[in-house]
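Analysis of the macromolecular model
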Amino acid sequence: ASDVYKRQPWMSTHGFACVFKGTENGAKVAVKCFTREVPERRERYRAIAGYLGKRKEPYWTAFEYLDAEFYVDTRLGGDYQDVVIMPWAEGLTLGEHVARACQKGDKTALAQVALNFDRMAVWLLGQEFAHGDLKHDNIIVRTDGSLLLVDYDGMFVPAFQGKQALELGGQGYQHPLRAPQHFDRHLDDFSILAISLSLHALAAEPALHQEKTTDNLLLAQKDIVEFQSSAMLDRIYKLKAPTINNLLVLLYKSLAAQSLHVPLLQDVFEVVAPIFATKYGKT
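For clarity, every value in this text was computed on a predicted model and none was experimentally measured.

1. Let's talk about the packing of aromatic side chains
Counted under the stated rule, the structure contains 12 aromatic pairs. Ring centres 5.3 Å apart and planes at 25° place the aromatic pair Tyr-45 and Tyr-65 in the stacked group. Note that Tyr-45 is positioned in helix H2 (residues 41–53) and Tyr-65 in strand S4 (residues 64–72), a separation of 20 residues in sequence. For the pair formed by Tyr-45 and Tyr-65, the shared burial category is buried. In textbook terms, an aromatic cluster arises when at least three aromatic residues are bridged by ring pairs, as seen for Tyr-45, Tyr-51, Tyr-59, Trp-60, Phe-63, Tyr-65, Trp-123, Phe-129 and Tyr-152. The residue whose ring lies beneath Arg-44 is Phe-160, and the NZ or CZ to ring-centre distance is 5.3 Å.

So, in structure tokens, the structure goes:
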């Protein structure tokens, strides 16, 4: 039985797809297979693939979108399905990486990943595109500590100007008012704010990880929707750390103003990241 288990393909499922680990010409690749039909997906993926293929960026990876690549046979009938193929990223998801560091109480590792995320945030906020679904399992922490964004289903690129979003992102990472018509380069503003706040809070107090109520890094959807009465946000405030308080104020302002675009967010990160780097200066 153990030999049979070892021969089974590695697979993870999420949202509208499942991802298999495979090889192509001796290199490890991720093969994404879709489990549900989504309007415009093929056209949008082609546009995203073309856009990313022309750019060499540290936090993205080029991929191939293959039409009708393999045949799936079911009791209800078979059909050819599209797939996405991209290089396999060795490492852990941000959620897994943070959970391990919190379990060990490793504040240095948590501070380092917070710094690396903030550096990525400075870069991402200055781009003309947006990921659209930043969350703990769409960010890979590579074995060298660098970060990689995966899962481009909800990505915004300039060619999509005027279109609506096909998905609204993970709960606990999105502004409560986000709707399909919110689809531009500012899609990641609130998600970046929520993730950075969570990472800095955990770096200051790893034990907070044991108090969270969902599979998210730290904040649940209820903490965002009912921010004025959130026990977790109150715990974060009581940490009394300047960096954390700056991020917390921006979070409260965004929610109170009912704005998905967070003014001054890039300015704050451009100040916070270098200051934080003086203490945790690794890349």
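2. Observations regarding the packing of helix H3 (residues 94–104) against helix H5 (residues 189–204)
Following both chains from N to C, one finds H3 and H5 inclined at 15°, their axes separated by 11 Å at the closest point. Taken as axis vectors, H3 and H5 run roughly parallel relative to one another. As H3 packs across H5, the resulting crossing turns out to be left-handed. Contacts between H3 and H5 involve Leu-94, Val-98 and Cys-102 from the former and Ile-195, Leu-199 and Leu-202 from the latter. Looking at the contact of H3 with H5 residue by residue, the class counts come to six nonpolar, no polar and no charged.

3. Let's talk about the nonpolar core
Counting residues in each nonpolar core, the largest one holds 76 residues, and the members touching the most others are Trp-60, Phe-63 and Ile-236. Core analysis: the next-biggest nonpolar cluster, separate from the first, contains six residues, Val-31, Cys-33, Val-83 and Ile-85 among them.

About the cut-offs
- Residues numbered from 1 in each chain as written.
- Predicted model: local features only at pLDDT ≥ 70, side-chain atom pairs only at ≥ 80, totals over all residues.
- Heavy atoms only, no water.
- Phe/Tyr/Trp six-rings, centres within 6.5 Å; stacked < 30°, edge-to-face > 60°.
- Helix = DSSP H or I, 4+ residues; strand = E, 2+ residues; numbered from the N terminus.
- Buried < 20%, exposed > 50% of the residue type's maximum accessible area, 1.4 Å probe, protein only.
- Lys NZ or Arg CZ within 6 Å of the ring centre and 35° of its normal.
- Axes fitted to C-alpha atoms, helices over the stretch in contact; angles between N-to-C directions.
- Parallel < 35°, antiparallel > 145°, perpendicular 65-115°, else oblique.
- Left-handed = near helix turned anticlockwise from the far one by under 90°.
- Contact = heavy atoms within 4.5 Å.
- Nonpolar A, V, L, I, M, F, W, Y, C, P; charged D, E, K, R; others polar.
- Core = buried A, V, L, I, M, F, W, Y, C linked by side-chain atoms within 4.5 Å.

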